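Summary of the model geometry
Next come the chains, spelled out residue by residue.
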Amino acid sequence: MFSSRLPPNLAPNRLADALRSCRAQGQPFIDLTVSNPTRAGFHYPPDLLAPLAHARGLRYEPSAAGSIDARKAVARDYLRQGVAVPAERVVLTASTSDAYSMLFKLLADAGDEVLVPRPSYPLFDHLTRLDLVVPRPYDLDVHGSWSIDFSSVERALTPRTRAVLVVSPNNPTGSFVSGPELDRLAAMCAPQGIAIIADEVFADYEIEPGASRRAGRAAARRDVLSFALGGLSKSVGLPQVKLGWIAAGGPDALVDAALERLELVCDTYLAVSTPVQTAAAELLDRGAAVRSQIAARVAANYRELSLQSARTPSCSVLRSEGGWYAVMQVPSLEPEEDLAVGLLTNERVLTHPGYFFDFPRESFLVLSLLPPEASFSDGIKRVLRRFAYSATRA
Ligand SMILES: Cc1ncc(COP(=O)(O)O)c(C=O)c1O
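So, a few notes on the structure that sits alongside this text. (Residues numbered from 1 in each chain as written. Predicted model: local features only at pLDDT ≥ 70, side-chain atom pairs only at ≥ 80, totals over all residues. Heavy atoms only, no water.)

**A closer look at a nonpolar patch on the surface**
- Residues Met 1, Phe 2, Leu 6 and Leu 130 make up a contiguous nonpolar surface patch of about 560 Å² in total accessible area.
- By relative accessible area, Leu 130 is classed as partly exposed at 42%. (Patch = residues over 30% accessible without salt bridge, like charges linked within 9 Å, V, L, I, M, F, W, Y side chains within 5 Å. Areas by Shrake-Rupley, 256 points an atom, 1.4 Å probe, with all protein chains shown as cover. Salt bridge = Lys/Arg side-chain N within 4 Å of Asp/Glu carboxyl O. Buried < 20%, exposed > 50% of the residue type's maximum accessible area, 1.4 Å probe, protein only.)

So, in structure tokens, the structure goes:
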């Protein structure tokens, strides 16, 4: 009766089961997987969302790509990051996930393929499957820092490849796609008519100074059809407000042809509410107060993580240039899932095992850098305590 776009097996994994019973029994734990900034103890000015109530929102004037004022506000925000994008090349969406879906409809037929980085964001499996697109992984290699394994990109390309996805900085590796890496991808994609989709939702969150300046920016490209994705959910910590965007780059004729078609896709759904479009400029301005708190927290927690793990030689924190997550390599004493379940049930700390993010081998833990500093520090102590003990036993 149901579509094969949905996974056949909806059973929760063991960690989700353990989490459910922990919650059912009212047992407190430290959550080192939090990805929702509105639940992480930041100060949101109480009137932050007042612009959503503007009377201009009472009038409905649908526009496929979004209101030009809101698109201009997004273009100004790109300028803040040093990227020049004409407002006409910005298309509003309800979220980044919505943007992926619009772009898959623009670029791919059922059964066509897109290349996705590995390790990366687990939602790609669902996002592609729901649009009948096939994800094919290419690898990010880690040698001190993460970089694209271009031989794996070459191996993954087929005549059905329609786009290469990059996440910059990546969730969870924290690596930006560098300028030279993006140049090399562009040189591979452009002659074959393959687009680049660059998820830059975390671009504002630099952990390593200078990393974002070294990053390649998709919207600035002139040589290959490219789409940069961003949104309020990460840039100003407002996922519930539901505003994302696509900024297109590439040769003019190709961008024009793509935008004409993308507008048709967006016009079919008209998913972006009028009040959020009316409020976009003000939310982008006012949200800077939240962004700066998140940026300071993420950097402080990464420093704390590095300090604490330096005292536990069996564990090491991988270099993270930006974003909201860090990766810790830990001894492979047990399968990652057992480890994460054990950490929750015995140490009362919730972490994500690396296999959720398709790490090619064990053992890695992915840790959110969003929790309040004191609870983050306590959570990391609990994680490391487990290894101090295991190492002694082993
Ligand atoms: C890399 C990446 N892209 C997109 C999103 C989702 O963004 P949105 O809330 O705009 O759909 C997330 C959420 O965690 C993410 O990690």
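Past the structure itself, the notes keep going.
**Concerning the side chain of Arg 217**
- In this fold, Arg 217 is placed in the loop between α7 (211-214) and β8 (226-231).
- Within the structure, the side chain of Arg 217 is placed 2.5 Å from the side chain of Gln 81, a separation counted as a polar contact. (Helix = DSSP H or I, 4+ residues; strand = E, 2+ residues; numbered from the N terminus. Polar contact = N/O pair within 3.5 Å; in protein donor to acceptor, adjacent residues only side chain to side chain.)

**So, the sheet that holds strand β5 (residues 145-148)**
- Taken together, eight strands build an open sheet; the order of strands is β2-β9-β8-β7-β6-β3-β4-β5 and the sheet is mixed. Each end of this open sheet is capped by a strand with a single partner; those strands are β2 (90-93) and β5. Each adjacent strand pair in this sheet contributes to an overall mean axis angle of 25°, direction not counted.
- Pairing of strand β6 (residues 161-167) with strand β7 (residues 195-199) involves five bridges; the strand directions are parallel. (Pairing = 2+ DSSP bridges. Axes fitted to C-alpha atoms, helices over the stretch in contact; angles between N-to-C directions.)

**A short note on the environment of Pro 191**
- Within the secondary structure, Pro 191 is located in the loop between α6 (179-189) and β7.
- Judged by its relative accessible area of 66%, Pro 191 falls in the exposed class.
- Measuring from C-alpha to C-alpha, the distance between Pro 191 and Asp 223 comes to 9.6 Å, with 32 residues separating the pair along the chain.

**Remarks on the site of the ligand**
- Around the ligand lies a shell formed by Ser 95, Thr 96, Ser 97, Tyr 121, Val 167, Asn 171, Asp 199, Val 201, Phe 202, Ser 233 and Lys 234.
- In this structure, an oxygen atom belonging to the ligand sits 3.1 Å away from a side-chain N or O atom of Lys 234.
- At the level of elements, α3 (96-107) and α8 (232-235) are the ones that each hand at least two residues to the shell around the ligand.
- Along the lines of polarity and charge, the residues of the shell around the ligand split into four nonpolar, five polar and two charged. (Near = heavy atom within 4 Å. Nonpolar A, V, L, I, M, F, W, Y, C, P; charged D, E, K, R; others polar.)

**What to know about the pattern of salt bridges**
- The tally for this structure, following the rule as stated, stands at 23 salt bridges.
- Among the ionic pairs, Arg 89 bridges to Asp 252, the shortest N-O distance being 2.7 Å. Of this pair, Arg 89 sits in the loop between α2 (68-80) and β2 while Asp 252 is found in helix α9 (residues 252-269), placing the two residues 163 residues apart along the sequence.
- According to the relative accessible area criterion, Arg 89 is buried, its value standing at 9%.
- The salt bridge partner of Glu 113 is Arg 136, with a shortest N-O separation of 3.4 Å. Taken as a pair, Glu 113 in strand β3 (residues 113-118) and Arg 136 in strand β4 (residues 134-143) lie far apart in primary sequence, 23 residues in all.

**A closer look at the pairing of β6**
- With respect to burial, β6 is a largely interior element, six of its seven residues being buried.
- Sheet topology note: the β3/β6 ladder contains three bridges and is parallel. Bridge pairing links Leu 115 to Val 164 in β6.
- Where the polypeptide runs from β6 across α6 and back to β7, its parallel neighbour, the crossover connection is right-handed. (Right-handed = clockwise from strand over helix to strand, strands pointing away.)

**Some thoughts on the packing of aromatic side chains**
- In total, this model carries nine aromatic pairs according to the counting rule given.
- The interplanar angle of 85° and the centroid separation of 5.4 Å between the aromatic rings of Tyr 121 and Phe 124 together place this pair among those described as edge-to-face.
- Look at Tyr 121 and you get partly exposed, because its relative accessible area is 25%.
- Clustering of aromatic rings is evident, with ring pairs tying together Tyr 100, Phe 104, Tyr 121 and Phe 124. (Phe/Tyr/Trp six-rings, centres within 6.5 Å; stacked < 30°, edge-to-face > 60°.)

**A word on the packing of α3 against helix α4 (residues 123-130)**
- Two elements in contact, α3 and α4, have axes whose closest approach is 9 Å; the angle formed by their N-to-C orientations is 40°. Here α3 lies oblique to α4, going by the angle between them. Our pair here, α3 against α4, has a crossing hand that is right-handed. Packed against α3, whose contacting residues are Ser 97, Tyr 100 and Phe 104, the element α4 presents Leu 123, Phe 124, Leu 127 and Thr 128 at the interface.
- By residue class, the composition of the contact of α3 with α4 is five nonpolar, two polar and no charged. (Parallel < 35°, antiparallel > 145°, perpendicular 65-115°, else oblique. Left-handed = near helix turned anticlockwise from the far one by under 90°. Contact = heavy atoms within 4.5 Å.)

Everything listed here is a matter of coordinates, which is why it stays silent on function.
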